[in-house]
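Listed below are the residues making up each chain.
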Amino acid sequence: MASIPTVKAKGLRACLLCSIVLSQADFVRNGCPNCEELMQMKSSRDRTQNCTTTAFDGVIAVIDPENSWVARWQRTSKYARGIYAARVIGRVPADVEAELQSRGIKYRVRDEVDQD
Ligand SMILES: *[C@@H]1O[C@H](CO)[C@@H](O)[C@H](O)[C@H]1NC(C)=O
Ligand SMILES: [Zn+2]
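Values in this document were obtained by computation on a predicted structure and should not be read as measured data.

Asks: Let's hear about the coordination of the zinc ion (ligand 2): which residues, and what values?
Replies: Distances from the zinc ion (ligand 2) to its protein donors, Cys15 (SG), Cys18 (SG), Cys32 (SG) and Cys35 (SG), fall within 2.1 to 2.4 Å. Sequence positions of the residues that donate to the zinc ion (ligand 2) give the spacing C-x2-C-x13-C-x2-C. Taken together, the residues span a long stretch of sequence, with Cys18 in the loop between β1 (12–15) and β2 (21–23) and Cys32 in the loop between α1 (24–30) and α2 (36–39) at a distance of 14 residues. Judged by relative accessible area, Cys18 falls into the buried class, the value being 0%.

Here is the structure:
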């Protein structure tokens, strides 16, 4: 069980796909708890840099992930509890985007605050 990082701690990054906020060290150590299957950033600092960003804000706690907007791209209730950014700037790498497309998942750049 990953500990919830302090919002003000340095080195926090948000996943470009699911917006979960963790330290870079956590992403490198464990990958993304939600989208590692697609992102494959575990053990790769470079990949972590490409798949996550420090350009995020509006950090929100997800108390009930099963009813969260995070679930939209993924029809499963297996996404992690934790903190998520309301706004993340950047795009997932092209290979991830292609993979999402091939699975019929519509990827949308989250450059706006989600309203619901
Ligand atoms: C990260 O992105 C850069 C620039 O697009 C690319 O050259 C590099 O190969 C990528 N690294 C990984 C591990 O995906
Ligand atoms: Zn993710």
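Moving on from the model shown.
Asks: Got a sec to walk through the sheet that holds strand β3 (residues 52–53)? Specific residues and values, please.
Replies: What the three strands build is an open sheet, ordered β2-β1-β3; its pairing is antiparallel. What marks the edges here is a single partner per strand, and that holds for β2 and β3. Here β1 pairs with β3 via two bridges, running antiparallel. Within β3, the position partnered with Ala14 by the bridge is Thr53.

Asks: Run through the nonpolar core, naming residues and quoting values.
Replies: Core analysis: the largest hydrophobic core is formed by 27 residues, its most contacted members being Cys15, Leu17, Ile20, Cys32 and Met39. A per-element tally of this core places strand β5 (residues 82–88) first, with four residues. Residue contacts for Cys15: discarding those within four places in its chain leaves Ile20, Phe27, Cys32, Cys35, Met39, Met41, Cys51, Thr52 and Val88.

Asks: Explain unusual backbone geometry to me, using residue names and the numbers behind them.
Replies: For Ser19, which is not glycine, the phi dihedral falls at a positive 75°. Note on placement: Ser19 falls in the loop between β1 and β2. For Ser19, a relative accessible area of 0% translates into the label buried.

How each quantity is defined
- Numbering of residues starts from 1 in each chain and follows the order in which that chain's sequence is written.
- Think of it this way: whatever chain is written first is A, whatever ligand is written first is 1, and the rest follow in order.
- The predicted nature of this model means local features are confined to residues of pLDDT at least 70 and side-chain atom pairs, given and counted, to a pLDDT of 80 or more, with totals for whole chains, interfaces and linings taken over all residues.
- As a convention, hydrogens and water are excluded, and side-chain values are obtained from all of the structure's heavy atoms.
- Water is absent from the atoms considered, so a metal site may look incomplete; donors are defined as N, O and S atoms within 2.8 Å of the metal, or 3.2 Å for Na, K and Ca.
- Runs of E in the DSSP output that reach at least two residues are strands. Runs of H or I that reach at least four are helices, and both are numbered from the N terminus.
- Burial classes: relative accessible area under 20% of the type maximum marks a residue as buried, over 50% as exposed, and values in between as partly exposed (1.4 Å probe, protein chains only).
- Strand pairing follows a simple DSSP-based rule, namely that at least 2 bridges must link the two strands.
- By convention a nonpolar core is built from buried Ala, Val, Leu, Ile, Met, Phe, Trp, Tyr and Cys residues, the set being connected through side-chain atoms within 4.5 Å.
- Two residues form a contact once any of their heavy atoms are found within 4.5 Å.

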